[in-house]
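Tertiary structure, described
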Amino acid sequence: MTAPSALPGPHAFPLDLGGRTALVTGAASGIGRACALRLAAAGAKVRAVDRDAEGLETLADQAHGLAGTVEPQVLDLTDLDAAEQAAAGTDVLVNNAGLQMVRPLEEFPPDVFHTVLTVMLEAPFRLIRGALPHMYGQGWGRIVNISSVHGLRASAFKSAYVAAKHGLEGLSKTAALEGAPHGVTSNCVNPAYVRTALVEKQLADQARTHGIPRERVLTEVMLRDSAVKRLIEPEEVAEAVAYLCGPQAAFMTGTSLALDGGWTAH
């Protein structure tokens, strides 16, 4: 699966984030890359956080000519103190970084379970904690948590991912309730399977775990519950993130925006 360019296309709606600082985790590829470029195109100074230094440099090159800037910051989110410090002074926080393993519960490595929850739940808590003082001080902030359809529905063999995303949903709602009096919104964006390297890497795991050929995974597992039979593009997710950062979404908080092709309509 080859991802298209993440640069905003002609259908991107007007958004002005000039003078704002945004932080996007997992920014070196996939959804994070698309979000970083979209927010930079809107004029934001984007702190692009990832442990992939080479991917961040490529992202920075792609951002040349945009209204805003992209500043690469190599960071492993398992360093929770560093994650919290990195979020200081942030106006827009996009918690996106994630990882996946597909295994039955009885075979799931406990160390991987711990790492998944650290990166996908505890690190977002620390990043929000680090960002809120500045947001509260100025009376404005936007927290967007990249959740998943798996934050709303469970699937077999994804215990760590599903647990982390369900936890992220609760964290996001709590941040919304506490942030509302301070002009800070907190929402989740919940895509189904996105055309990213993370999904590509799942194909072999899914094939082995479900006992089917790799070429049948997309139609029989990933798209089985989706009414729209295609993968969602990273740029579509980024556009939803951008919408939640705009003035038209000021009354949206504590919610989960499903981009799931009808999955949760069942």
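Conventions and cut-offs
- Residues numbered from 1 in each chain as written.
- Predicted model: local features only at pLDDT ≥ 70, side-chain atom pairs only at ≥ 80, totals over all residues.
- Heavy atoms only, no water.
- Helix = DSSP H or I, 4+ residues; strand = E, 2+ residues; numbered from the N terminus.
- Rg over C-alpha atoms; globule rule 2.2 N^0.38 Å.
- Contact = heavy atoms within 4.5 Å.
- Areas by Shrake-Rupley, 256 points an atom, 1.4 Å probe, with all protein chains shown as cover.
- Lys, Arg positive; Asp, Glu negative; His and termini not counted.
- Charge placed at Lys NZ, Arg CZ, Asp CG, Glu CD.
- Expected span 1.5 Å × (residues − 1).
- Buried < 20%, exposed > 50% of the residue type's maximum accessible area, 1.4 Å probe, protein only.
- Pairing = 2+ DSSP bridges.
- Axes fitted to C-alpha atoms, helices over the stretch in contact; angles between N-to-C directions.
- Core = buried A, V, L, I, M, F, W, Y, C linked by side-chain atoms within 4.5 Å.
- Phe/Tyr/Trp six-rings, centres within 6.5 Å; stacked < 30°, edge-to-face > 60°.
- Lys NZ or Arg CZ within 6 Å of the ring centre and 35° of its normal.
- pLDDT = per-residue confidence, 0-100.
- Salt bridge = Lys/Arg side-chain N within 4 Å of Asp/Glu carboxyl O.

**What about the overall build of the chain?**
- If you tally the helices and strands in the chain, you get 8 helices and 7 strands.
- Here the C-alpha atoms of the chain give a radius of gyration of 17 Å, agreeing with the 18 Å that 2.2 N^0.38 yields for 266 residues.
- Each principal axis of the C-alpha distribution contributes one length, and for the chain these read about 55 × 35 × 35 Å.
- Across the chain, the fraction of contacts at a sequence separation of at least 24, relative to all contacts at a separation of at least 6, is 74%.
- Carbon and sulfur atoms make up 56% of the accessible area of the chain, which totals about 11600 Å².
- Treating the 22 positive side-chain charges of the chain as one cloud and the 28 negative ones as another, the clouds have centres 4 Å apart.

**Re helix α1 (residues 30–41)**
- Look at α1: 17 Å from first C-alpha to last across 12 residues, which is about the 16 Å you get at 1.5 Å a residue.
- If you check which residues of α1 are buried, you get Gly30, Ile31, Gly32, Arg33, Ala34, Cys35, Ala36, Leu37, Arg38, Leu39 and Ala40.

**With respect to the sheet that holds strand β2 (residues 45–50)**
- Read from one edge of the open sheet, 7 strands run β3-β2-β1-β4-β5-β6-β7, paired in parallel fashion. Looking at strand neighbours, the two that pair on one side only are β3 (69–74) and β7 (256–259), the edges of this open sheet. Each neighbouring strand pair of the sheet contributes to a mean axis angle of 15°, computed without reference to strand direction.
- Looking at chain direction, strand β5 (residues 141–146) and strand β6 (residues 184–191) are connected through 6 bridges and run parallel.

**Overview of the nonpolar core**
- In this structure, Leu39, Val46, Leu59, Val94, Val144, Ile146 and Val189 are the most contacted members of the largest nonpolar core, which totals 37 residues.
- Those elements that provide at least two residues to this core are β1 (21–25), α1, β2, α2 (53–62), β4 (92–95), β5 and α8 (234–245).
- Beyond its immediate chain neighbours, meaning those up to four positions away, Val189 contacts Val144, Asn145, Ile146, Ser147, Ser148, Val237, Ala240, Val241, Leu244, Leu257 and Leu259.

**Comments concerning the packing of aromatic side chains**
- For the structure on display, the rule yields 3 aromatic pairs.
- With 6.2 Å between their ring centres and 75° between their planes, Phe13 and Tyr243 make a pair best called edge-to-face. With Phe13 in the segment before β1 and Tyr243 in helix α8, the pair connects residues that are 230 residues apart, well separated along the chain.
- Ring geometry for Tyr193 and Trp263: centres 6.0 Å apart, planes at 25°, overall stacked. Taken together, the positions of Tyr193 in the loop between β6 and α6 (197–210) and Trp263 in the segment after β7 put the pair 70 residues apart, joining distant regions of the chain. The pair Tyr193 / Trp263 is uniform in exposure class, with both members buried.
- The ring of Trp140 carries the charged tip of Arg20 above its face, separated from the ring centre by 3.8 Å.
- Over the aromatic face of Phe13 sits the side chain of Arg38, whose NZ or CZ is 5.3 Å from the ring centroid.

**A short note on the pairing of β4**
- Residues Val92 and Val94 point to one face of β4 and Leu93 and Asn95 to the other, with burial holding for every one of them.
- Sheet analysis places β1 next to β4, joined by 3 bridges and oriented parallel. Bridge pairing in β4 links Ala22 to Val92.
- Relative to β5, β4 runs parallel, the two sharing 4 bridges.

**Details of the environment of Ala160**
- Topologically, Ala160 is positioned in helix α5 (residues 159–179).
- Along the sequence, Ala160 and Met120 sit 40 residues apart, while their C-alpha atoms lie 9.5 Å from each other.
- Excluding anything up to four places from it in sequence, Ala160 contacts Phe108, Phe113, Val116 and Leu117.

**A few points about the confidence of the model for the chain**
- Per-residue confidence for the chain gives a mean pLDDT of 93, with 96% of residues at or over 70.
- Throughout residues 1–6 the model reports pLDDT below 50, and contacts reaching past four residues in sequence, or to other chains, amount to 17 contacts.

**Here's the deal with unusual backbone geometry**
- Although it is not a glycine, Phe157 sits at a positive phi angle of roughly 75°.
- Note on placement: Phe157 falls in the loop between β5 and α5.

**Focus: the pattern of salt bridges**
- As enumerated under the stated definition, the model contains 10 salt bridges in all.
- Of the charged contacts, one joins Arg129 and Glu84 as a salt bridge, the two residues approaching to 2.5 Å between their closest N and O atoms. With Arg129 in helix α4 (residues 110–138) and Glu84 in helix α3 (residues 80–86), this residue pair connects regions lying 45 residues apart in the sequence.
- When its relative accessible area of 47% is taken as the criterion, Arg129 is described as partly exposed.
- By relative accessible area, Glu84 is classed as buried at 15%.

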